[in-house]
Amino acid sequence: MKLLMKIGIALLFLSMISCSKKQQQHWYKEAHKEQSHETHWSYDGETSPEHWAEFEKNSDCSGQRQSPVNIIDIHTIEDRDQKSLINLHYSAETILNKVRNNGHSIQFDFDKGDSISYNETNYNLIQIHFHEPSEHTVNGVRYPIEIHLVHQSQEKNYTVLGIFGVEGEQSQTMEDMEKFLPLQKGQEKEIEKSFDLSKLFPDNKSYYSYGGSLTTPPCTENVQWVIFKEPIVVSLEEVLKLKDNMPLENFRDEQPLNDRLVYLHKM
Ligand SMILES: [Zn+2]
């Protein structure tokens, strides 16, 4: 009897050890997954956009409301609703916190300052980054670059402004931004200085809008897209300098529009 009890206690003890070991392994795996998330996906090879949905299991990457899309002018619906008029509140005093090469793009992180109001909601600018060439296309045409200005509301919903760039004259704002380059993959620079983004926008503020997703994993479908129709002009040298600091062709292909509508707000 005593012997049986001893064996029982020993077995219980052993199972406790193996259980906590399993838990530890699980925790390690989860923590590691979290850490490596930033570099897991890419724009080429086995981790390119067509595979995102396979290995990003909990993502929306295979959803029905994905971005980017091809905007077809004759299919857009003119939006005359004043409520959906976008208002830009950009100031020359907003602090550029840091510039970094996150391995997917060059990203500029801003402190709270610049914001927009859209559909009666306020969204704060968080960061801007670049795609070369553009992700959205208009009537099948892909622009040399697309700048994404990522804004977030208090409810954690996104409105991303997209600005296309065509090649021509030099852009002073682009020159000012590119002063912080080059940056190697994973490298970042603390800036902590005011930066005026208000001059980055095209003169004519007519825009397309539609409901979509983040164009990178986890491809979350809580993004309102506002794409300015008129491109800004940047120099070939400015495009090439960006290109040198980012993965080659960091864009996701056109996603099906499905039952969504694209609106045009004329200004
Ligand atoms: Zn983007």
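The shown structure was predicted, so the numbers you read here are calculated from the model rather than taken from an experiment. Residue numbering note: each chain is counted from 1, following its sequence as written. Confidence filtering applies because this is a predicted model: local features only for residues at pLDDT of at least 70, side-chain atom pairs given and counted only at 80 or more, and all residues used for totals across whole chains, interfaces and linings. Based on all heavy atoms of the structure, the side-chain values leave hydrogens and waters out of the count.

Participant: Explain a negative patch on the surface residue by residue, including any values.
Facilitator: Patch definition: residues with relative accessible area over 30% and no salt bridge; like charges joined within 9 Å; nonpolar side chains (Val, Leu, Ile, Met, Phe, Trp, Tyr) joined within 5 Å. To be clear on the numbers: accessible area is Shrake-Rupley with a 1.4 Å probe, and residue cover counts the displayed protein chains and nothing else. By convention in these notes, a salt bridge is any Lys or Arg side-chain nitrogen within 4 Å of a carboxyl oxygen on Asp or Glu. By the counting rule applied here, Lys and Arg register as positive and Asp and Glu as negative, while His and the ends of each chain are not counted. By convention, the point assigned to a charge is CZ for Arg, NZ for Lys, CD for Glu and CG for Asp. Taken together, Glu50, Glu54, Asp253 and Glu254 make up a surface patch of like negative charges. To qualify as a helix, a DSSP run of H or I must reach at least 4 residues; to qualify as a strand, a run of E must reach at least 2; elements of each kind are numbered from the N terminus. Structurally, Asp253 can be placed in the loop between helix H4 (236-244) and strand S16 (263-265). Take Asp253: its relative accessible area is 48%, and that puts it in the partly exposed class. Using a 1.4 Å probe on the protein chains alone, a residue whose accessible area is under 20% of its type maximum counts as buried, one over 50% counts as exposed, and one in between counts as partly exposed.

Participant: Go over the pairing of strand S14 (residues 223-228) with me, naming the residues and quoting the values.
Facilitator: Among the 6 residues that make up S14, 5 are buried, leaving the element largely enclosed by the rest of the structure. DSSP calls a pair of strands paired once it identifies at least 2 bridges connecting them. Inspection of the sheet shows strand S13 (residues 207-212) paired to S14 by 6 bridges, in the antiparallel sense. Bridge pairing in S14 links Tyr208 to Ile227.

Participant: Before we move on, can you summarise the packing of aromatic side chains with the specific residues and values?
Facilitator: Here a pair means two rings of Phe, Tyr or Trp (six-membered ring of Trp) with centres within 6.5 Å. Their orientation is stacked below 30 degrees between planes, edge-to-face above 60, and tilted elsewhere. Enumeration according to the criterion identifies 10 aromatic pairs in this entry. Pairing Phe108 with Phe130 gives two aromatic rings, centres 6.1 Å apart and planes at 75°, and the pair type is edge-to-face. Taken together, the residues span a long stretch of sequence, with Phe108 in strand S5 (residues 106-110) and Phe130 in strand S7 (residues 121-131) at a distance of 22 residues. Across the pair, Phe130 and Phe108 agree in class, each one buried. Taken together, a centroid distance of 5.7 Å and an interplanar angle of 80° make the contact between Phe201 and Phe228 edge-to-face. Here Phe201, found in the loop between strand S12 (188-194) and S13, pairs with Phe228, found in strand S14; they are 27 residues apart in sequence, far enough to count as distant. What makes Phe201 buried here is its relative accessible area of 7%. Since its relative accessible area comes to 0%, Phe228 is described here as buried. An aromatic cluster is built from Tyr90, Tyr118, Phe201, Tyr207 and Phe228, whose rings are joined through pairwise contacts.

Participant: Please set out the side chain of His148 residue by residue, giving values where relevant.
Facilitator: Structurally, His148 can be placed in strand S10 (residues 145-152). Classification of His148 by relative accessible area gives buried; the value is 1%. In protein, a polar contact means a hydrogen-donor-capable atom and an acceptor-capable atom, both N or O and within 3.5 Å, with residues adjacent in sequence counting only if both atoms are side-chain atoms; elsewhere, any N or O pair within 3.5 Å suffices. Within the local environment of His148, its side chain forms a polar contact with the side chain of His131, the two groups lying 3.0 Å apart. If we skip the residues at most four places from it in the chain, His148 touches Gln127, Ile128, His129, His131, Glu135, His136, Val160, Leu161, Gly162, Thr215 and Trp225. Only heavy atoms matter for contacts: two residues are in contact if any of them lie within 4.5 Å across the pair.

Participant: Outline the coordination of the zinc ion, supporting the account with residue identities and numerical values.
Facilitator: Because no water is among the atoms considered, metal sites can look incomplete, with donors defined as N, O and S atoms within 2.8 Å of the metal, or 3.2 Å for Na, K and Ca. In this structure, His129 (NE2), His131 (NE2) and His148 (ND1) serve as the protein donors to the zinc ion, at separations of 2.0 to 2.1 Å. Linear spacing of the donor residues for the zinc ion on their chain is H-x1-H-x16-H. Of the two residues, His129 is situated in strand S7 and His148 in strand S10; the sequence distance between them amounts to 19 residues. Neither residue differs from the other here; His129 and His148 are each classed as buried.

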